[in-house]
Every structure is written in C-alpha cells, then in structure tokens.
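Structural characterization, general
Residues per chain, in single letters:
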Amino acid sequence: MSTAVARAEAEPTAKTESPQEIPQPHARIVRDSAIVAYRNLLTILRVPTLLVTATIQPLMFVFLFAYIFGASLGGGQYREFLLAGIFTQTVAFNAAFTTVGLAGDLEKGIIDRMRTLPMSRLAVLMGRTLSDLVVNIVSLAVMVGCGYIVGWRINGGIADAVLAFAIILLFAFAMSWVGAITGLLAPTIEVAQSAGLIWLFPLTFISSAFISAESLPGPLRAVAEWNPITAVSAAGRKLFDNGAPPAFGTPTGWPADHCIEYAVACSLAILVVVVPLALLRYRKVASK
C-alpha cells in the first residue's frame, strides 16, 4: 500500500488548462492577427526599400501635379485641392503591397506553413491588411509634411481633420482586402504586380482626385461622380476645408452633397463583399 502511494506521488500529474486559460475565438483571432502583422512589419524593416517605395512614389505625384500641372490648373489653390486626392490615390495604390505580399507568400510556401499551424485562417489575411495599414499611416504622415511644404493647409478644425484621415484609412483598409483577393488569385508574383495596376489606374484617374468631374464627358462624368475615390477625396476636401480653383465647376448630385456618408458607405460595402470572398479563396488555396 505504501509503495503504491509513493509511486503515485512520484509520477507527474498531467497539467489541465482551466477554461480561463483557453483563449476565446475572438481573442485568438486578435492574437494571431497581431503576430502575422508583426512578422510582416519585420519584413519591411529588414527590406527598407519596400517602405521607400511607399513614400517616394506619392511624393513624386505631389510635386508632379503641384508644380508641373498645377501652374495651369490654379496654382496654390489647386495644390490645396490636390492633396486630398493624392492621399486617396496613394492608399489605393498601396493595396499593391497586399497583392504582392500574399502572392509572394504563396509562391514561397509560407502560406503552406501557416496552414499547418493551429491559427485562424482569418488571421493570415487580417495580419497582412493590418500591417499594410501601418504602411499607409506612414505614407500619409510623409505626405502631410510634403503638403505643408508645397502650401497645403488644414483649414478646418482638428476633429474634422481626424475624421478625414479616419475615412481615408478606412478606405485604405478596404482596398487592402481587394489587394488580398487579387494576390490570392494571381498565379505568380509577376502577374500580381501587373494585375493590381490594371484596375487601379482607371479607377483613380476617372475620378475627381486630380480634376473636377464636371470637366469630363457624359459617361465618364457619371462614373467619376459615383467613384469611391471621388467620394473619399471630396470628403477629405470638405473636412480639411480645402476649396477648388475658380475654374473648376461646383460638383452636384447626391454623391457630392453626401460625400462623407457615401465615402464611409463605399468602404464598408467593399469590406462586406470582399472579405468573405478573400476568405473563401484563401481556404481554396490553403487546401491544395
């Protein structure tokens, strides 16, 4: 009897986790997303040319439109009009980071490794889009400084300015998910790089990001008026209190009159449609 008791005391007992120690599903998704985002940000720190690309390109657009085209479009007043459009265009173009990043992870087998880990599938995509949101914040900070150099100013209140940047970043987050599904559909990194620009360029330039939509011909004008990039740009100008040059026509119609609400609605609608599609595509790709 004493021998059995001594043996039982000597044997280690299995540790059982209490219900409090088991992470809840939502907490697990947040934790896994943060880990993936941290991994992606470390990649940017180790390859700083990625961050240089995200900052140099928008600066080139600022100086190109502000001083080369701006002189004939309204000078200093056009530069104030321009910056909200540049902000919106930059975060839309930065969706290419998500596209190329996911395509690269697929090609290098990193997605296969993540599939074998006990982690949420949503976290893989959420971590990628969150890390690219940080890149967008850095890009916006650089462009704000550049904007003040070329004469742009925030003429509205601080609360309005914060709301404007929040709307732009919400749109950036939505576009990152569009970039995610594009990257998951692309068979190679090279295809992903070109596929992202095929739809971004017309979407950006058939808008009022750089010019007044009133100057466009009939069909293009209708597209520009309802274009989400037009709405986000217009919402930024309204909240920053940046006027348009006198030669630019005053925008009319429901999207122009409700640009703030429409900009938010467009971003949320993109997320509602694209997030489930991206998850479905990820499940299909990860199951191969």
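Now for a look at the structure at hand. Quick caveat: nothing in here was measured; it's all calculated off a predicted structure. (Residues numbered from 1 in each chain as written. Predicted model: local features only at pLDDT ≥ 70, side-chain atom pairs only at ≥ 80, totals over all residues. Heavy atoms only, no water.)

What about the packing of aromatic side chains?
Here is the rule we go by: In this scheme Phe, Tyr and Trp rings, the latter by its six-membered ring, pair at centre separations within 6.5 Å, and the angle between planes marks the pair as stacked below 30 degrees, edge-to-face above 60, and tilted otherwise. Think of it as a cone above the ring: NZ of Lys or CZ of Arg counts as a charge over the ring if it is within 6 Å of the ring centre and within 35 degrees of the ring normal.
Tallying each qualifying case throughout the model produces 17 aromatic pairs. Counting every residue linked through ring pairs, the aromatic cluster contains Phe61, Phe93, Phe201, Phe205 and Phe210. The residue whose ring lies beneath Arg237 is Phe81, and the NZ or CZ to ring-centre distance is 3.6 Å.

Topic: a nonpolar patch on the surface
Where we set the bar: Patch membership requires more than 30% relative accessible area and the absence of a salt bridge. Residues of like charge join within 9 Å; the nonpolar side chains Val, Leu, Ile, Met, Phe, Trp and Tyr join within 5 Å. We get accessible surface area from the Shrake-Rupley algorithm with a probe of 1.4 Å; when it comes to residues, only the shown protein chains can shield them. A pair is scored as a salt bridge if a Lys or Arg side-chain nitrogen falls within 4 Å of a carboxyl oxygen belonging to Asp or Glu. Secondary structure follows DSSP: runs of H or I at least 4 residues long count as helices, runs of E at least 2 residues long count as strands, and numbering of each begins at the N terminus. Note on exposure labels: buried denotes an accessible area under 20% of the residue type's maximum, exposed denotes more than 50%, and partly exposed covers the range between, all computed with a 1.4 Å probe on protein chains only.
On the surface, a cluster of nonpolar side chains totalling about 460 Å² of accessible area is made up of Phe63, Leu64, Tyr67, Ile68 and Phe69. Topologically, Leu64 is positioned in helix H3 (residues 49–73). Note on Leu64: relative accessible area 32%, which makes it partly exposed.

Description of the packing of helix H8 (residues 158–185) against helix H11 (residues 228–240)
What counts, and what does not: Angles shown run from 0 to 180 degrees and are taken between the N-to-C directions of axes, each axis being a line fitted to C-alpha atoms and, for helices, limited to the stretch in contact. Here the word oblique covers every angle except those under 35 degrees (roughly parallel), over 145 (roughly antiparallel) and from 65 to 115 (roughly perpendicular). Each helix crossing is assigned a hand: it is left-handed if the near helix lies turned anticlockwise from the far helix by less than a right angle, otherwise right-handed if that turn is clockwise. Contacts: residue pairs with any heavy atoms within 4.5 Å of one another.
Direction vectors running N to C along H8 and H11 enclose 165°, while the axes themselves pass 8 Å from each other. In terms of their interaxial angle, H8 and H11 are classed as roughly antiparallel. By crossing handedness, the relation of H8 to H11 is classed as left-handed. Contacts between H8 and H11 involve Asp160, Ala161, Leu163, Ala164, Phe165, Ile167, Ile168 and Phe171 on the former and, on the latter, Pro228, Ile229, Val232, Ala235, Gly236, Leu239 and Phe240.

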